[in-house]
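Per-entry structural report
Letter by letter, the chains look like this.
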Amino acid sequence: GQQLNQSPQSMFIQEGEDVSMNCTSSSIFNTWLWYKQDPGEGPVLLIALYKAGELTSNGRLTAQFGITRKDSFLNISASIPSDVGIYFCSGGDSWGKLQFGAGTQVVVTP
Amino acid sequence: NAGVTQTPKFRILKIGQSMTLQCTQDMNHNYMYWYRQDPGMGLKLIYYSVGAGITDKGEVPNGYNVSRSTTEDFPLRLELAAPSQTSVYFCASSATRTTTYEQYFGPGTRLTVT
């Protein structure tokens, strides 16, 4: 299947810092979504992007759907301890199915 | 507001045993999915269903079976458990074709096959 390359694999940041992660693919997607997974829980949808070039915010989170439809990024501003977790990018293909990246582990230190 | 529920939360199986992972959603969603998540990896789609009575294979269906007799329930069956099926299994649902990408996930079942 299509492969999503998500980077970085992990990041250790101090509280208050901004976080940036991205996802690239060799194939185009109709949709890009970002999910967050807390330990022992299922992923929770953070942001959904449906249009190439779209920039969408959800509180301190901002995500963009790349113009080429092959990439997306997620920014978290002014990180707080509850931002810790694994962030997954996912691309929606034309058959309505999602492909997931391997995740970015975020650790926030006070 | 339950959303997507999964049982059991943990299970240890011996090689060759069978089991059914249960998934129920109370949001009246048409679309339901089963994924597996291996350590350090993203989720891989096992099977999905677009409505009661309709199921189809995902990326990694071998060793699994599903059924969808009602809108609410989507059980996943492992017939002959193998160590390669050790994983965390997530069930998800979504409302309509236009919002099919916006999936709601259950808390997961952690399965170990020894």
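For the structure, see preceding data.
Everything in this summary refers to the structure shown in the same document.

Calculation notes
Residues numbered from 1 in each chain as written. Chains lettered and ligands numbered in written order. Predicted model: local features only at pLDDT ≥ 70, side-chain atom pairs only at ≥ 80, totals over all residues. Heavy atoms only, no water. Buried < 20%, exposed > 50% of the residue type's maximum accessible area, 1.4 Å probe, protein only. Helix = DSSP H or I, 4+ residues; strand = E, 2+ residues; numbered from the N terminus. Pairing = 2+ DSSP bridges. Contact = heavy atoms within 4.5 Å. Buried area = accessible area lost by both parts, 1.4 Å probe. Salt bridge = Lys/Arg side-chain N within 4 Å of Asp/Glu carboxyl O. Polar contact = N/O pair within 3.5 Å; in protein donor to acceptor, adjacent residues only side chain to side chain. Nonpolar A, V, L, I, M, F, W, Y, C, P; charged D, E, K, R; others polar. Core = buried A, V, L, I, M, F, W, Y, C linked by side-chain atoms within 4.5 Å. Disulfide = S-S within 2.5 Å. Axes fitted to C-alpha atoms, helices over the stretch in contact; angles between N-to-C directions.

All names here are of chain B. Burial runs high along strand E5 (residues 43-51): 7 of the 9 residues are buried. With 4 bridges joining them, E5 and strand E6 (residues 54-57) adopt antiparallel strand pairing. Within E6, the residue paired with Ser49 across the bridge is Thr55.

A few words now on the environment of B:Ile12. Residue and element names in this part refer to chain B. If you trace the backbone, Ile12 turns up in strand E2 (residues 10-13). Judged by its relative accessible area of 63%, Ile12 falls in the exposed class. For the pair Ile12 and Arg110, spaced 98 residues apart in sequence, the C-alpha separation works out to 8.5 Å. Excluding residues within four positions of it along the chain, Ile12 makes contact with Thr112 and Thr114.

For the rest of this paragraph, the subject is the interface of chain B and chain A. Often, the extent of an interface is quoted as the loss of accessible area upon association of its parts. Contacts between the two partners involve 21 residues from chain B and, on the opposite side, 24 residues from chain A. Considering only the side of chain B, the residues that lose the most area to chain A are B:Tyr101, B:Glu102 and B:Phe105, jointly responsible for 37% of the buried surface there. There are 0 salt bridges connecting chain B and chain A. At the boundary of chain B with chain A, the tally comes to 6 residue pairs in polar contact (both at pLDDT 80 or more). Looking at the side of chain B that touches chain A, the elements with two or more residues in it are strand E4 (31-37) and E5 of chain B. Here the residues of the side of chain B that touches chain A are counted per class, giving 10 nonpolar, 8 polar and 3 charged.

Our next topic: the nonpolar core. Counting 21 residues, the largest nonpolar core has A:Met21, A:Trp32, A:Leu74 and A:Val106 as the members making the most contacts within it. Mapped onto this core, the elements with two or more residues apiece are strand E2 (10-14), strand E3 (19-25), strand E4 (31-37), strand E5 (44-49), strand E7 (61-65), strand E8 (71-76), strand E9 (85-92) and strand E11 (104-109) of chain A. Residues contacting A:Met21, with those up to four places away along its chain left out, are A:Gln6, A:Ser7, A:Pro8, A:Trp34, A:Ser72, A:Phe73, A:Leu74, A:Ile76, A:Tyr87, A:Thr104 and A:Val106. Counting residues in hydrophobic clusters, the runner-up holds 19 residues, among them B:Trp34, B:Ile46, B:Tyr64 and B:Phe74.

The tally for this structure, following the rule as stated, stands at 2 disulfides over all chains. Through a disulfide, A:Cys23 is tied to A:Cys89; the S-S separation comes to 1.8 Å. Residue A:Cys23 is found in strand E3, and its partner A:Cys89 is found in strand E9; the two are separated by 66 residues along the sequence. Across the pair, exposure class does not vary: A:Cys23 and A:Cys89 are buried alike. Bridging B:Cys23 to B:Cys91, the disulfide has an S-S length of 1.8 Å. As the torsion about the S-S bond is roughly -70°, the B:Cys23-B:Cys91 disulfide counts as left-handed. Within this pair, whereas B:Cys23 is found in strand E3 (residues 19-25), its partner B:Cys91 is found in strand E9 (residues 87-94), the two being separated by 68 residues in sequence.

Moving on to the sheet that holds strand E1 (residues 4-7) of chain A. Residue and element names in this part refer to chain A. Strand order in the open sheet formed by 5 strands is E1-E3-E8-E7-E6, with antiparallel pairing between adjacent strands. Each of the sheet's edge strands pairs with one partner strand only, and the pair in question is E1 and strand E6 (55-58). Adjacent strand axes in the sheet meet at a mean angle of 15°, parallel and antiparallel pairs treated alike.

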